[in-house]
Amino acid sequence: MNIVGPVIDGKQLEIASGDIVEVINPATGKVIAQQYCCDSECVDKIVSSSKAAYHSEEWQNLSPSGRGYLLMKLADLIEAHAGKLVDLELQDTGKPISQLKNGEIPLTASIIRFYAGAADKIEGRVKSSSTGTFQFTMYEPYGVVAGILPWNYPLVNVAMKVAPALAAGNAIIIKPSVDTPLTSVEFAKLCIEAGIPKGIVNVALGKGSSTGESLIGHPDVKKISFTGSTAIGQHIQRKAVDQMKSVNLELGGKNAIIVFADADLDKAADAAIISAFVNAGQLCVSCSRLLVQDSIAEEFKSILKEKLDNLSVGNPNDEGTLVGPMITKAQYDITLEYIKIAIDEGCNILTGGKKMNFADSLADGWWIEPTILSDVKADMRVATEEIFGPVLSMISFKDEAEAVTISNSVIYGLSGSVWTKDGSRSMRMTKSLNTGIIWVNCMMDGYPQIPVPPHKMSGTGVELGVEGLMAYCKQKSAVVAYDDKAPVGWNL
Ligand code: NAD
């Protein structure tokens, strides 16, 4: 049986003082590894190691461009070790192999390269002064930061935390989801191979309620960057107040794709399907609400149905597969429950709606048919609550004003997508929608250079883009007198 353990000072521990948790392949339901988790004593050791590494001369003497150089080497190593990373992620998440090879490995490398290039471009401002002083602002790292990850994109998420944290000069402790620890551990090992000093990237394994709690409450962890559910994000924010820690929270979403009658319907249907069903709908920026102008609703349904018939769901090892299983059993159960709720609420099932039964090795996996619900009303539970599974709720609207009202009616505000050939309308919609990112006549483009700043209950702070780098920097200001004219006290 494979063993996976926490990483301290560049070494993977093969014993740990916390629980032992099984890691399961969601496509097959089979146990693939035993995971040694951290109790609070182990978390203390990890934080001490990170703190010592952060204060070491080796790290403190490294220039920003030196940090960038190490990150460039890390990106090269991600590509060089793509085969192993793909295999681990395939086993751990059941993601289709083509998506991993052609999507997640290149995206991971490009996120790291983006922040490698940005490491020596962190700049403050110099203010003009007539008081015999230089007045300037600057940025500093926080010290030891914690990156807490969800299970949906383990490898991409680890890069999204580690690369900007290190580019800004911090040390980071990663806590992956207990459901998907494998690539975080491998990533930390590649950091050592890239020449990143030992202890700068450590990994604490374990459940949120034990390992996560110890980490966020530790006084030497100065910043928390969390990606996960809104409920846990709220808990972390409340807890962080005790020690006045800075937090970055990337949380849930209930995003809408809005299709107007004048749109390129074929392309809009592709976008709706990719967005709703990639990664079996387990993606924070997925559009799980489909708002269609009523005059084209029936036509759009038939285009969607035809396209869904050609969507290949099944064995993640097959190059042609586009949709895999639910990554966790809990999420599988929740998604089936929501389909039942939809039927009880009076929705119709346009397509899908059932668990999938495979023979052979996939028989015990967590499979759900890509599902489109029609006749959904904007205030139903399936249209307002995050499901995080392959379920798309189709809602009709009359005009632009109604589309905006429905789209903005949920508590979340992460992403949105608008499809129309009317340029003025596309700008009006961009201004009116309360979401952090809006794609017009495109979908999910712009990574890693465009930030995704969550609105409303989708979080606070920002990830990706240059703004995502600044989230790992503390601001400082200084006023330095250069002659005797400098005042003591205000000079207004
Ligand atoms: P989750 O909130 O259950 O867990 C996320 C992480 O937090 C896990 O590592 C978990 O162990 C940890 N955790 C749980 N309780 C904790 C505690 N008390 N203290 C510290 N850590 C704790 O989320 P999940 O089920 O892993 O992921 C799905 C959710 O993540 C969805 O809501 C999805 O929308 C969201 N998500 C958001 C984004 C984004 O960028 N906005 C991206 C991906 C996923």
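Predicted model, so just to flag it, every value in this text is computed and none were measured.

## What to know about the sheet that holds strand E1 (residues 2-4)
Right, on to step 1. With mixed pairing, three strands are arranged side by side in an open sheet as E1-E5-E4. Pairing within the sheet leaves two strands with one partner each, and these edge strands are E1 and strand E4 (20-25). On average, each strand axis in the sheet is tilted by 35° relative to the strand beside it, whichever way the strands run.
Right, on to step 2. As paired elements, E4 and strand E5 (residues 30-36) share six bridges and run antiparallel to each other. Within E5, the position partnered with Asn-25 by the bridge is Lys-30.
Right, on to step 3. On the sheet, helix H4 (residues 82-93) packs against E4 and E5 and is oriented at approximately 100° with respect to E4.

## Looking at the site of the ligand
Right, on to step 1. The local shell around the ligand holds 26 residues, among which Leu-149, Glu-213, Ser-229, Leu-251 and Glu-386 are the closest.
Right, on to step 2. The side chain of Trp-151 places a nitrogen or oxygen atom 2.8 Å from an oxygen atom of the ligand.
Right, on to step 3. In this structure, an oxygen atom belonging to the ligand sits 2.5 Å away from a side-chain N or O atom of Glu-386.
Right, on to step 4. Relative to its unbound accessible surface of 850 Å², the ligand loses 88% to contact with the protein.
Right, on to step 5. Of all the secondary-structure elements, those providing two or more residues to the shell around the ligand are helix H8 (208-217), strand E11 (223-227) and helix H9 (230-242).
Right, on to step 6. It is H8 that provides the largest number of residues to the shell around the ligand, a total of four residues.

## Here we look at the domain arrangement of the protein
Right, on to step 1. Segmenting the protein into domains produces domain 1 (2-251 + 458-476) and domain 2 (256-440).
Right, on to step 2. Summarising the inter-unit geometry, the C-alpha centres of domain 1 and domain 2 are found 30 Å apart.
Right, on to step 3. Each partner contributes to the interface: domain 1 provides 24 residues, whereas domain 2 provides 28 residues.
Right, on to step 4. Across the domain 1/domain 2 interface, buried area totals approximately 2100 Å², and carbon plus sulfur atoms make up 58% of it.
Right, on to step 5. At the boundary of domain 1 and domain 2, one finds two salt bridges.
Right, on to step 6. Here Asp-364 and Lys-30 are joined by a salt bridge, their closest N and O atoms 3.6 Å apart.
Right, on to step 7. Of all the secondary-structure elements, those providing two or more residues to the side of domain 1 that touches domain 2 are H4 and helix H5 (97-118).
Right, on to step 8. In terms of residue count, the dominant contributor to the side of domain 1 that touches domain 2 is H5 (four residues).
Right, on to step 9. Grouping the amino acids of the side of domain 1 that touches domain 2 by side-chain chemistry returns nine nonpolar, 10 polar and five charged.

## A closer look at helix H15 (residues 423-432)
Right, on to step 1. Taken together, the buried positions of H15 are occupied by Arg-425, Ser-426 and Met-429. All buried residues of H15 fall inside an arc of 100° around its axis, so they share one side. Away from its buried face by more than 90 degrees, H15 exposes Met-427 and Lys-431.
Right, on to step 2. Taken together, the buried residues of H15 touch strand E13 (255-259), helix H14 (400-408), strand E19 (415-419) and strand E20 (437-440).
Right, on to step 3. Of the residues that open H15, the one with a side-chain oxygen 3.0 Å from the backbone nitrogen of Ser-424 is Asp-422.

## Focus: the packing of helix H1 (residues 40-55) against H8
Right, on to step 1. In contact at an axis separation of 9 Å, H1 and H8 are set at 40° when each is read in the N-to-C sense. With respect to H8, the element H1 is oriented oblique. H8 is crossed by H1, and the crossing has right-handed handedness. Every residue of H8 that contacts H1 at Ser-40, Val-43 and Val-47 is listed here: Thr-211, Ser-214 and Leu-215.
Right, on to step 2. Looking at the contact of H1 with H8 residue by residue, the class counts come to three nonpolar, three polar and no charged.

Calculation criteria
- Residues numbered from 1 in each chain as written.
- Predicted model: local features only at pLDDT ≥ 70, side-chain atom pairs only at ≥ 80, totals over all residues.
- Heavy atoms only, no water.
- Pairing = 2+ DSSP bridges.
- Helix = DSSP H or I, 4+ residues; strand = E, 2+ residues; numbered from the N terminus.
- Axes fitted to C-alpha atoms, helices over the stretch in contact; angles between N-to-C directions.
- Contact = heavy atoms within 4.5 Å.
- Near = heavy atom within 4 Å.
- Polar contact = N/O pair within 3.5 Å; in protein donor to acceptor, adjacent residues only side chain to side chain.
- Areas by Shrake-Rupley, 256 points an atom, 1.4 Å probe, with all protein chains shown as cover.
- Domains from an automatic or database assignment.
- Buried area = accessible area lost by both parts, 1.4 Å probe.
- Salt bridge = Lys/Arg side-chain N within 4 Å of Asp/Glu carboxyl O.
- Nonpolar A, V, L, I, M, F, W, Y, C, P; charged D, E, K, R; others polar.
- Buried < 20%, exposed > 50% of the residue type's maximum accessible area, 1.4 Å probe, protein only.
- Arc of directions from axis to C-beta.
- Parallel < 35°, antiparallel > 145°, perpendicular 65-115°, else oblique.
- Left-handed = near helix turned anticlockwise from the far one by under 90°.

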